[in-house]
Amino acid sequence: MQIKAEIRAITQATVDHLRAAADPNSQTGKMLKILEGFILEYSDSNIQANTPAQKYKDTLTTGIKLMERSFKEPHKFDILHRAIREPFDYYRFGIDFFRPLIEEENSKLYGKENVDKIVEYIKNGENVVILSNHQTEVDPQAIEILLEDSGCELASELIFIAGHKVTTDPLAIPFSLGQNLLCIFSKKYIENPPELKQSKQAHNTKTMKTMQSLLEEGGAFLWVAPSGGRDRPDPASREFVVAPFDERSVQMFRLMAQKAESASSRKTHFFPMAMLTNELVPPPDGINAGVGEKRSAKRGAACIWFGDEVTDEGLADLSPKERQKRFYENVVRQVEEKYEILKTARAEQLTKVQVS
């Protein structure tokens, strides 16, 4: 009870500070209002996680200072942003900030044998591309936490193919600074606003060239969501469903891999990933091209499944187009099947909690 009271008092003092910091009618004031709601849920999650009050205060105070700095002086991200680890370790800050949201007893990494294969490929100078569904803003930290907890030494080496909002939203920037990012404009947002379409396309071209160079250099560990965005709930059932993968996106990565191997003999391996993380910081129901979406910070389970490597082995007799189709279907099948297993297991966990 003492920890709960202390965290409540720290939270109230922080909220009071935010309310006094900005004009509520300004853009900054509106975003601070969003942050206020996030903090209230974040405090509840830390109480449930039994976070020591002083640790909660230190983490929250640091986070608020970094977000306030992002409002005043937004960081300008390069095409390839490498995680900033010193003098301040933004990567470790992000891990520590979001760890209390994850129910350790209900969270799990599946497919450890495939993680071991990935580690060996990377150590040998070969590339690995993870083709995954995507559910929350904190998916990078969720993946890294589960990888670290499984003993994987390459968690911090992942490069995330990220959308533009994680580098332009002041509330997201402090956490993005701790990630390796290749930023790209999704086709969902490239037309909005129309006057920026050309510059966005030019940016994406530079990103693709950088990605190609990484694959040719070798040892690249990339994560991408071929859907181009986060999963959303089904309107009827309200259950999250895996967003359709863009086949052209999947084939583009295959083509880049083939080009890299031809240019430098660096082979690229593809692994599907299924993620169940929507309880943590779920996306809004609609698609919003702007920044400043409402945030949630509820505590929940985070589960990921590293599927089996997808190759063209045994498909030599098929035409190139048929091989492409089989490759895509294999990726989608594994992600959807593993996701359903994760979703069913989580539903059973919640049922047991309700019964007890």
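Whatever comes next refers back to the structure up there.
Everything quoted here is computed from the prediction, not taken from an experiment.

**Structural notes on the state of the cysteines**
Under the definition given, this model contains zero disulfides. The thiol of Cys152 is unpaired, and the distance to the nearest cysteine sulfur, on Cys303, comes to 17 Å. Owing to a relative accessible area of 10%, Cys152 belongs among the buried residues under this scheme.

**Section: the packing of helix α3 (residues 53-72) against helix α4 (residues 90-98)**
Taken N-terminus to C-terminus, the directions of α3 and α4 make an angle of 125°; their axes are 11 Å apart at the nearest point. In this view, α3 runs oblique relative to α4, as classed from their interaxial angle. For the pair α3 and α4, the sense of crossing is left-handed. Only Tyr90, Phe93 and Phe97 of α4 make contact with α3, whose side of the interface consists of Thr59, Thr62, Gly63, Leu66 and Arg69. Considering only residue class, the contact of α3 with α4 consists of four nonpolar, three polar and one charged.

**Structural notes on the sheet that holds strand β4 (residues 159-162)**
Reading across the sheet, the eight strands line up as β1-β5-β4-β6-β3-β9-β10-β2 and stay open at both edges, with mixed pairing between neighbours. One side of each edge strand has no neighbouring strand; the edge strands of this open sheet are β1 (80-81) and β2 (108-110). Pairing of β1 with strand β5 (residues 180-183), which is carried by two bridges, proceeds in the antiparallel orientation. What sits directly across from His81, in β5, is Leu181.

**Description of the pairing of strand β3 (residues 127-132)**
Most of β3 sits inside the fold, with six of its six residues counted as buried. Residues Asn127, Val129 and Leu131 point to one face of β3 and Val128, Ile130 and Ser132 to the other, with burial holding for every one of them. Here β3 pairs with strand β9 (residues 268-276) via six bridges, running parallel. Bridge pairing in β9 places Ile130 opposite Phe271. Taken together, the four bridges between β3 and strand β6 (residues 221-224) define a ladder with parallel strand orientation. Bridging across to β6, Leu131 finds its partner in Val224.

**Details of the side chain of Arg346**
Within the fold, Arg346 resides in helix α10 (residues 320-355). For Arg346, a relative accessible area of 7% puts it in the buried group. Within the local environment of Arg346, its side chain forms a polar contact with the side chain of Gln349, the two groups lying 2.9 Å apart. The residues contacting Arg346, other than those within four sequence positions of it, are Glu103, Asn106, Leu276, Glu279, Gly300 and Ala301.

**Focus on the packing of aromatic side chains**
For any pair of aromatic rings, geometry is given as the distance between the ring centres together with the angle between the planes. Within the structure shown, the criterion is met by 15 aromatic pairs. Taking the centre distance of 4.4 Å and the plane angle of 10° together, the rings of Tyr42 and Phe97 count as stacked. Remark: Phe97 occurs in helix α4 and Tyr42 occurs in helix α2 (residues 27-48); sequence separation between them is 55 residues. Residue classification places Phe97 among the buried residues on the basis of a relative accessible area of 2%. Here Phe93 and Phe97 contribute two aromatic rings whose centre-to-centre distance is 5.7 Å and whose plane-to-plane angle is 55°, an arrangement assigned as tilted.

**Observations concerning helix α6 (residues 139-149)**
In terms of residue burial, α6 counts as a mostly covered element, since nine of its 11 residues are buried. Listed in full, the buried residues belonging to α6 are Asp139, Pro140, Gln141, Ala142, Ile143, Glu144, Ile145, Leu146 and Leu147. Residue Gly151 follows α6 closely and has a positive phi angle near 95°.

**Digging into the pattern of salt bridges**
Pairing is possible between side chains that carry opposite charge, provided their charged atoms lie close to one another. For the coordinates displayed, the defined rule picks out 17 salt bridges. Residue Glu36 pairs with Arg19 through a salt bridge whose shortest N-O separation is 2.8 Å. With Glu36 in helix α2 and Arg19 in helix α1 (residues 2-21), this pair connects stretches of sequence that are 17 residues apart. Residue Glu36 is classed as buried on the basis of its relative accessible area, which comes to 16%. Arg99 is paired through a salt bridge with Glu104; the nearest N and O atoms lie 3.9 Å apart. We classify Arg99 as partly exposed; its relative accessible area is 23%. Here the salt bridges share partners, and the residues they tie into one network are Asp16, Arg19 and Glu36.

Thresholds applied
- For every chain, the first residue of the written sequence is number 1, and numbering continues from 1 along that sequence.
- In keeping with the model being predicted, local features are shown solely for residues with a pLDDT of at least 70 and side-chain atom pairs are shown and tallied solely at 80 or more, while totals for entire chains, interfaces and linings include all residues.
- The basis for every side-chain value is the complete set of non-hydrogen atoms in the structure, without hydrogens or water.
- Only a pair of cysteine sulfur atoms within 2.5 Å qualifies as a disulfide here.
- Only protein chains enter the accessibility calculation, which uses a 1.4 Å probe; a residue whose area is less than 20% of its type maximum is buried, one above 50% is exposed, and one in between is partly exposed.
- An axis is simply a line fitted to the C-alpha atoms; with a helix, the fit covers only the stretch in contact. Between two such axes, the angle follows the N-to-C directions and lies from 0 to 180 degrees.
- Helix and strand definitions here come from DSSP, where helices need a minimum of 4 consecutive H or I residues and strands a minimum of 2 consecutive E residues; each element is numbered from the N-terminal end.
- Oblique is the label for any angle not covered by the other classes, which are roughly parallel (under 35 degrees), roughly antiparallel (over 145) and roughly perpendicular (65 to 115).
- The sense of a crossing depends on the near helix, which, turned anticlockwise from the far helix by less than a right angle, makes the crossing left-handed and, turned clockwise, makes it right-handed.
- Should any heavy atoms of two residues lie within 4.5 Å, those residues are counted as being in contact.
- Three residue categories are used. Nonpolar comprises Ala, Val, Leu, Ile, Met, Phe, Trp, Tyr, Cys and Pro, charged comprises Asp, Glu, Lys and Arg, and polar comprises the others, including Gly.
- Strand pairing is assigned whenever DSSP detects at least two bridges linking the two strands.
- Residues adjacent in sequence count toward polar contacts only when both atoms are side-chain atoms; beyond that, a polar contact is any pair of N or O atoms within 3.5 Å, and within protein one must be able to donate a hydrogen and the other to accept it.
- Each Phe, Tyr or Trp ring (for Trp, its six-membered ring) is paired with any other whose centre lies within 6.5 Å, and the angle between the two planes then decides the class: stacked below 30 degrees, edge-to-face above 60, tilted in between.
- We count a salt bridge whenever a side-chain nitrogen from Lys or Arg sits within 4 Å of a carboxyl oxygen from Asp or Glu.

Keep in mind these values describe shape, not function.
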